[in-house]
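What follows is the residue order along each chain.
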Amino acid sequence: MYLKSARALAALFLCVFALGSQAQNTAPKLPNVVILATGGTIAGTGATSTTTVGYTAATVGVDALIKAVPELQKVAHVSGEQTMQIASENMGDAQWLLLAKRVNTLLARADVDGVVITHGTDTIEETAYFLDLVVKSKKPVVVVGAMRPSTAMSADGPINLYNAVITAGSQEAVGKGVLVVMNDQINAAREVTKTNTTTLDTFKTPELGMLGYVIGGQPHFYRASTRKNTVDTEFDVTNLNALPRVDIAYTYANVDPTAVNAFVAAGAKGIVHAGVGDGSLPIKVRPALSAAHDKGIVIVRSSRVGQGIVARNGEANDDQLDFVVADTLNPQKARILLMLALTKTSNTKEIQRMFYTY
Ligand code: DGL
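Just so it is clear, the model here is predicted, and its values are computed rather than measured.

Quick word on the overall build of the chain
A count of helical and extended segments in the chain gives 11 helices and 14 strands. Counting only C-alpha atoms, the chain reaches 105 × 45 × 35 Å along its principal axes. Going through the 358 residues of the chain one by one, you find that 49% of them count as buried. By sequence separation, contacts in the chain at least 24 residues apart represent 72% of the contacts at least 6 residues apart. Taken as a whole, the chain presents about 16200 Å² of accessible surface, with 56% of it coming from carbon and sulfur. Averaged over its 32 positive side-chain charges, the chain has a centre that lies 6 Å from the centre of its 30 negative ones.

Re the side chain of S170
For S170, the location among the structural elements is in the loop between α6 (157-168) and β5 (179-182). Only 2.7 Å separates the side chain of S170 from the backbone oxygen of T167, close enough to count as a polar contact. Beyond its immediate stretch of four places on either side in the chain, S170 contacts P140 and P219.

As for the side chain of T357
Of note, T357 is situated in helix α11 (residues 348-357). There is a polar contact of 2.6 Å between the side chain of T357 and the backbone oxygen of R353.

Looking at the site of the ligand
In the vicinity of the ligand, the contacting residues are G40, T41, Y55, A87, S88, E89, G120, T121, D122 and A146. The separation between an oxygen atom of the ligand and a polar main-chain atom of T41 is 2.8 Å. One nitrogen or oxygen atom from the main chain of A146 is found 2.7 Å from an oxygen atom belonging to the ligand. Relative to its free-state accessible area of 280 Å², the ligand is covered by the protein chains to the extent of 91%. Judged by the fraction of its atoms near the pocket grid, the ligand is located in the largest pocket. For the shell around the ligand, the class distribution of residues is 3 nonpolar, 5 polar and 2 charged.

Notes on unusual backbone geometry
Backbone geometry places A58, a non-glycine residue, at a positive phi of 60°. Looking at the secondary structure, you find A58 in the loop between β1 (32-39) and α2 (62-67). Among the residues examined, A58 registers a relative accessible area of 15% and is labelled buried. Look at N183: it is not a glycine, yet its phi comes out positive at around 55°. The residue N183 is located in the loop between β5 and β6 (185-188) in this model. The class for N183 is partly exposed, based on a relative accessible area of 28%.

Considering the layout of surface pockets
There is about 270 Å³ of room inside the largest pocket. In this structure, the largest pocket is lined by 18 residues; those nearest its centre are T41, Y55, T121, D122 and K194. Taken together, the residues that form the lining of the largest pocket break down as 6 nonpolar, 8 polar and 4 charged. Here the second largest pocket is characterised by a volume of approximately 200 Å³. Lining the second largest pocket are 14 residues, and of these E191, L208, A224, S225 and T226 lie nearest its centre. Classifying every residue of the lining of the second largest pocket gives 4 nonpolar, 5 polar and 5 charged.

Digging into the sheet that holds β6
Two orientations exist for strands paired in a sheet by backbone hydrogen bonds: parallel and antiparallel. Reading across from one edge, β2-β1-β3-β4-β5-β6-β9-β10 is the order of the 8 strands in this open sheet, with mixed pairing throughout. Pairing within the sheet leaves two strands with one partner each, and these edge strands are β2 (77-86) and β10 (218-221). Ignoring strand direction, the axes of neighbouring strands in this sheet form an average angle of 25°. In this sheet, strand β9 (residues 212-215) lies alongside β6 in antiparallel orientation, the contact comprising 2 bridges. Bridge assignment links I186 to a residue of β9, and that residue is G212.

Things to note about the packing of aromatic side chains
Following the criterion strictly, the structure yields 3 aromatic pairs and no others. Judged by centre distance (5.2 Å) and plane angle (20°), the rings of W96 and F130 are stacked. Highlighted residues: W96 in helix α4 (residues 93-107) and F130 in helix α5 (residues 124-134), separated in sequence by 34 residues. In terms of burial, W96 and F130 fall into one category: buried. Seen in terms of ring centroids, Y213 and Y222 are 6.0 Å apart; in terms of plane orientation they differ by 75°. Their pairing is edge-to-face. A residue is classified by how much of its surface remains accessible, and Y213, at 36% relative accessible area, is partly exposed. Residue placement shows K176 over the ring face of F221; its charged tip is 4.6 Å from the ring centre.

Describing the environment of V53
The topology assignment puts V53 in the loop between β1 and α2. On the accessibility criterion, V53 (57% relative accessible area) is exposed. Measuring from C-alpha to C-alpha, the distance between V53 and M147 comes to 9.3 Å, with 94 residues separating the pair along the chain.

Rules used throughout
Residues numbered from 1 in each chain as written. Predicted model: local features only at pLDDT ≥ 70, side-chain atom pairs only at ≥ 80, totals over all residues. Heavy atoms only, no water. Helix = DSSP H or I, 4+ residues; strand = E, 2+ residues; numbered from the N terminus. Buried < 20%, exposed > 50% of the residue type's maximum accessible area, 1.4 Å probe, protein only. Contact = heavy atoms within 4.5 Å. Areas by Shrake-Rupley, 256 points an atom, 1.4 Å probe, with all protein chains shown as cover. Lys, Arg positive; Asp, Glu negative; His and termini not counted. Charge placed at Lys NZ, Arg CZ, Asp CG, Glu CD. Polar contact = N/O pair within 3.5 Å; in protein donor to acceptor, adjacent residues only side chain to side chain. Near = heavy atom within 4 Å. 1 Å grid on protein atoms, 1.4 Å probe; cavity = no way out; pocket = protein on both sides within 12 Å on 5 of 7 lines; lining within 4 Å. Sits in = over half its atoms within 2 Å of the grid points. Nonpolar A, V, L, I, M, F, W, Y, C, P; charged D, E, K, R; others polar. Points joined across faces, edges and corners; volume = space filled by probe spheres on them. Pairing = 2+ DSSP bridges. Axes fitted to C-alpha atoms, helices over the stretch in contact; angles between N-to-C directions. Phe/Tyr/Trp six-rings, centres within 6.5 Å; stacked < 30°, edge-to-face > 60°. Lys NZ or Arg CZ within 6 Å of the ring centre and 35° of its normal.

Set out below in structure tokens:
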């Protein structure tokens, strides 16, 4: 009798163990996501919980950012690297190249499924677009920031980081290009821009629209960019240690050629003209831009308006001037594409093709 009950108990134990291990085997495999921290407000601290301006950016380390969101452990295997610790107004070529090379090295590893970059919001749109043009993987790269410092009441950093990690670890985000995830919204690197100096909903893709949402722990995509990015671009930073100098000449009423001439003197290889309206060229500036062109400097006509197409041969005879038009890229993004274009060629017809491709 005793032997029978022992056997029954053993059989029950084995059965429970088998079910347990089977359940473990069927548990969803969590993605491996690496967080590269660069600083910004998401890593910022203020004197009080109501300090949402006048705080210090780039003070909290990546381990503390991860520790502050224990829910991350339920959605991904997360590891962090402190790539730098700066306010993003101080981002520059060296930081972009460092970041891009690290992202490409990580994404080439089979045990990395996606990368999240925490970043100051002031230049998120520039870093995101630069990476969109030089990351050589279809795996998700998500850039995320915050509009309130980590010490603030209702800080947006933790939920933004949570949503960014979910998106970076998702299959849905594969092949979508570099993304900016903030305020529950997913925007494409090419078009997203900061539209408000302080509010949580600052990142938008005016007119062309965001790509989707991150809601209830799940990314939902409704559109995708039509422009080439990441693995489909012709740009490669592997052997680059510097980028060509490209400046932006901002236009306004009564502008004169002082800025253009200064950029030429400083050795600019390209100048983006942030024109008014459809990229209009003021009569006082046009000769300086033509003179710059004749010195081999590539001129791109963009617009300070920020939305819409700058049409070739519209407000200026680009064919005659041998200028390039930025299509829909705002001046700060046109600058990035021109910098990378100049690593390949100074041929304006080739560069115009690039502005119609990326
Ligand atoms: N100094 C700004 C920056 O690092 C703070 C803004 C922010 O990160 O939201 O971009």
